Amino acid sequence: MLLHRKFVWGPIDDDFRRAAHTLSYRARWGRSATVPIETFGVLARWDPGIAVLDVWASIQMPKYPDQIARALKLPGNAVRVHNDVDVGGSYGVKRGIKHSVLVGYLARTLGCPVRLIEDRLENMQGGDMQGPDRSFDVELAFEADGTVRAMRMRALDDAGAYTGRAPLQLGKPITAIVGPYRINSVAYEAISVTTNKTPQEAVRGFGQAPTNFAIETGIDKVARFLDLDRHEVRRRNFIRHDEFPYRIPSGSEYDSGDYHEVQRKTLELARWPALVAERDRLRAEGWLAGVGIAACLEPSGGNAAFEPLLNDKNDTTTWMEGARVRIDALGAITVVISTTSAGQGHETLAATVAGEILEREPDDIRVARADSLSALPTNSPVGSRMAIMLGGAIAEAARRLKAKLMAIAAHDLGVPAERLRYDGGTITVREAPDRRLTWEQLFHIAHRAYHRLPPGLEPGLEASHVLQVPTGGALPGADGRVQIYPCYSFEFHVALIAIDRGTGKPHLHDYVIGHDCGTVINPDIVRGMTMGGIAHGIGAALYELFQLDGQGQPISQSFMDYLLPSAHEIPHVRMVEHHTPSPHTAFGQKGSGEAGYLGAPACVASAVNDALAPLGLAIDALPIRIRDIEAALSGGKPA
């Protein structure tokens, strides 16, 4: 056993005793993955002249250079990781530390560059790419009107053969353990065990999607128990918009939201009465048809508070991100960031944020990636944190740079800075607009006219900022209450599915999502990540599963055995946006990197079980494969 922790938040026994009804159920999340198009690759070269190990890797993980240095017993400044590489997809599964240590050791020992590229078999058998493998035992206490008062949840996770970060995936869900609902008390038991399976890694959402599935399964069961509309039960339990900031039993404070309005917009776009009528029409034609619903939160900002929460020896309270902005002697703006990117559009984010603050065209701003020896502190793009953390660091660095420009202008024009107006890079005296300094004059003074600079101001135009997680920095209390993430995005999913009675094959006919991630910096990026996350979630719900035979040997070793959804299985997705700004971030932005995936599996499962409900059947284990539906229809048990 790797981890066994029990938490009780609130008067759980009293709430269960007073509630009108209780029900219990088991939910099962099968092991699947974020399967990247490209497997992991790493190249290392030892330079004996300067005693530096240069590393190029398709990597996404925090503290990667530090871990290599520690493993090889090298000083931290003897490892230089180059971040200007194409990662080729990740969402948490390009960690590769064992590959990198091996290649680094061989490069240093042999005195020549060494490269390792996984083939697909290696990646699927032993790569850092498999996700949670989790069973939930849940008990809910609720009233006759569907109001949920309390929840007991026991989560048992199969971490595989080695610990890695797998046990911590039971920690992140604590930050949203009640989802978007006003549940008064919670008992949570987290268990992580080791087996002979491939180890887990940080698949998209870091354990949040399975917990969302377990919670949403329960909300559906409450609705069916009481014969109430599933969306009405959710509406009655949602936290109200006037209750934010809202502190949940486990100690996390939700920053902002309007869940009822997102639900209303989504049901309106989905044309809920017509959708139900279409389900009934399909049923009349002989299909098993169902409408699915799911609501969930996306914790974002990437704090590390679940580490000391689950490990008393860990006192990590800093989870920072740094950035540098500079204006060169020719007036060009460069933003320097310090991590790799796996297609999340960090260059677009960086240029947009710097351009917004400095009021310059983003297309004219260059974004560069520093290697690990010249980089500012970073914790990698994990936990839906880069819009918040990288965006926030760039915004503050750009503001400092703008303040320096204002100070130069105030000194040169002989007026206080508060009497100046900044407009697109030109600074004018408010009451005398003809007195001004243009962009060209400002960067000329900063780089070439020292005699015109304010006393004590250094030449050049550059500013840096290292941002700590908003609301972070505290250790958990003795009762396990802690603020883990600063921001919470919200999703509301609706789907229509039809199942062939003869074969059990599902067909998704329609899919609608309502999404609120605060202020959107780039709508195309947010939409792309959300749509990709839904496709990923459909795979986890209906198709993807790593399996072992009776002797413990893996039998999902290629895409012949591990089934991925194609464009034929993904329906057209319609999306409605709502924007509830966060009070904790530079522009009100929240995270969206895990969007779609955190609610899609629960929504698809809800649709399948709505289709099976007229037969008195339910399947509460993912994925729900064709063979599982077929077995249920024939009176057997899912495989």
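Our subject is the structure listed above.
Owing to the predicted nature of the structure, the values given are computational and were not obtained by experimental measurement.

Calculation notes
- Residues numbered from 1 in each chain as written.
- Predicted model: local features only at pLDDT ≥ 70, side-chain atom pairs only at ≥ 80, totals over all residues.
- Heavy atoms only, no water.
- Helix = DSSP H or I, 4+ residues; strand = E, 2+ residues; numbered from the N terminus.
- Rg over C-alpha atoms; globule rule 2.2 N^0.38 Å.
- Buried < 20%, exposed > 50% of the residue type's maximum accessible area, 1.4 Å probe, protein only.
- Areas by Shrake-Rupley, 256 points an atom, 1.4 Å probe, with all protein chains shown as cover.
- Lys, Arg positive; Asp, Glu negative; His and termini not counted.
- Charge placed at Lys NZ, Arg CZ, Asp CG, Glu CD.
- Core = buried A, V, L, I, M, F, W, Y, C linked by side-chain atoms within 4.5 Å.
- Axes fitted to C-alpha atoms, helices over the stretch in contact; angles between N-to-C directions.
- Parallel < 35°, antiparallel > 145°, perpendicular 65-115°, else oblique.
- Contact = heavy atoms within 4.5 Å.
- Nonpolar A, V, L, I, M, F, W, Y, C, P; charged D, E, K, R; others polar.
- Patch = residues over 30% accessible without salt bridge, like charges linked within 9 Å, V, L, I, M, F, W, Y side chains within 5 Å.
- Salt bridge = Lys/Arg side-chain N within 4 Å of Asp/Glu carboxyl O.
- Pairing = 2+ DSSP bridges.
- Left-handed = near helix turned anticlockwise from the far one by under 90°.
- Phe/Tyr/Trp six-rings, centres within 6.5 Å; stacked < 30°, edge-to-face > 60°.
- Lys NZ or Arg CZ within 6 Å of the ring centre and 35° of its normal.
- Polar contact = N/O pair within 3.5 Å; in protein donor to acceptor, adjacent residues only side chain to side chain.

Asks: I would appreciate a short explanation of the overall build of the protein chain in the present structure.
Replies: If you tally the helices and strands in the protein chain, you get 15 helices and 23 strands. Computed over C-alpha atoms, the radius of gyration of the protein chain comes to 26 Å, within 12% of the 26 Å expected from 2.2 N^0.38 for 639 residues, which places it in the range of a compact globule. When its C-alpha atoms are laid out on the principal axes, the protein chain stretches across 85 × 65 × 50 Å. The proportion of buried residues among the 639 residues of the protein chain is 59%. A total accessible area of about 24700 Å² is found for the protein chain, and carbon and sulfur atoms account for 51% of it. Here the protein chain contributes 68 positive and 75 negative side-chain charges, whose respective centroids are spaced 2 Å apart.

Asks: I keep staring at the nonpolar core and nothing clicks. Help me out?
Replies: If you look at soluble globular proteins, the nonpolar side chains tend to sit buried side by side. By size, the foremost hydrophobic cluster in this structure holds 114 residues, and its most contacted members are Met-153, Ile-177, Tyr-188, Tyr-254, Phe-492 and Leu-542. One finds Val-353, Val-415, Leu-420 and Trp-439 within the second-largest nonpolar core, a separate group that totals 51 residues.

Asks: Could you clarify how one ought to interpret the packing of helix H11 (residues 386-413) against helix H12 (residues 439-448) in this entry?
Replies: Geometry of a packed helix pair, given as the angle between the helix axes and the separation of the axes. For the pair H11 and H12, interaxial distance at closest approach is 10 Å and the crossing angle is 90 degrees. Classed by the angle they form, the pair H11 and H12 counts as roughly perpendicular. Facing Leu-405, Ile-408, Ala-409 and Asp-412 of H11, the residues of H12 in contact are Trp-439, Leu-442, Ile-445 and Ala-446. Of the residues belonging to the contact of H11 with H12, the class tally is seven nonpolar, no polar and one charged.

Asks: What is the right way to read a nonpolar patch on the surface from this model?
Replies: Taken together, the side chains of Leu-102, Tyr-105, Leu-106 and Leu-110 present a nonpolar region at the surface, about 390 Å² in accessible area. On the secondary structure map, Tyr-105 appears in helix H3 (residues 97-110).

Asks: Would you take a moment to explain the sheet that holds strand S16 (residues 420-423) for this structure?
Replies: Whenever strands of a sheet pair, they do so through backbone hydrogen bonds, lying parallel or antiparallel. On the basis of which strands lie adjacent, the open sheet formed by three strands has the order S16-S17-S18 and antiparallel pairing. The outermost strands of the open sheet, each flanked by one partner alone, are S16 and strand S18 (432-437). Within the sheet, the average angular offset between the axes of one strand and its neighbour, ignoring direction, is 35 degrees. For strand S17 (residues 426-429) and S18, the ladder comprises three bridges, and the chain directions are antiparallel. Each residue of the ladder has a partner; that of Ile-427, found in S18, is Leu-437. Sitting on the sheet, H11 touches S16, S17 and S18, and the angle it makes with S16 is about 135 degrees. Strands in contact with H12 are S16, S17 and S18; relative to S18, the strand with the most contacts, it is inclined by about 40 degrees.

Asks: Before we go on, may I ask you to explain the packing of helix H5 (residues 208-226) against helix H14 (residues 600-612) in this structure?
Replies: It is the contact of H5 with H14, at a shortest axis distance of 9 Å, that shows an interaxial angle of 30 degrees. The element H5 and its partner H14 pack so that their crossing is right-handed. From H5, Asn-212, Phe-213, Glu-216, Asp-220 and Arg-224 reach across to H14, where they touch Ala-602, Ala-605, Ser-606, Asn-609 and Asp-610.

Asks: Sorry, what's going on with the packing of aromatic side chains here?
Replies: A ring pair, where both rings are aromatic, is described by two values, the distance of the centres and the angle of the planes. Counted according to the given criterion, the structure contains 14 aromatic pairs. A ring pair is formed by Trp-29 and Tyr-597, whose centres lie 6.4 Å apart and whose planes are at 90 degrees; its orientation type is edge-to-face. Placement of Trp-29 in strand S2 (residues 21-29) and of Tyr-597 in the loop between strand S22 (573-577) and H14 is noted, with a sequence separation of 568 residues between them. Among the aromatic side chains, those forming a connected cluster through ring pairs are Tyr-181, Phe-238, Phe-244, Tyr-259, Phe-490 and Phe-492. It is Arg-108 that lies over the ring of Trp-46; its NZ or CZ is 4.8 Å from the centre.

Asks: Hey, could you run me through the side chain of Glu-307 in this one?
Replies: For Glu-307, the location among the structural elements is in helix H9 (residues 306-310). Of note is the side chain of Glu-307, whose polar atom sits 3.2 Å from the side chain of Arg-165. For Glu-307, the contacting residues outside a window of four places in its chain are Arg-165, Leu-168, Asn-314, Thr-316 and Trp-319.

Asks: Just checking my understanding: could you explain the pairing of strand S12 (residues 288-300) for this structure?
Replies: Along any regular strand, the residues point their side chains to alternate faces of the sheet. Burial analysis of S12 places 13 of its 13 residues in the buried class, which makes it a mostly covered element. Here S12 shows a buried face lined by Leu-288, Gly-290, Gly-292, Ala-294, Cys-296, Glu-298 and Ser-300 and a second buried face lined by Ala-289, Val-291, Ile-293, Ala-295, Leu-297 and Pro-299. With 13 bridges connecting them, S12 and strand S20 (residues 487-499) associate as antiparallel partners. Within S20, the residue paired with Cys-296 across the bridge is Glu-491.

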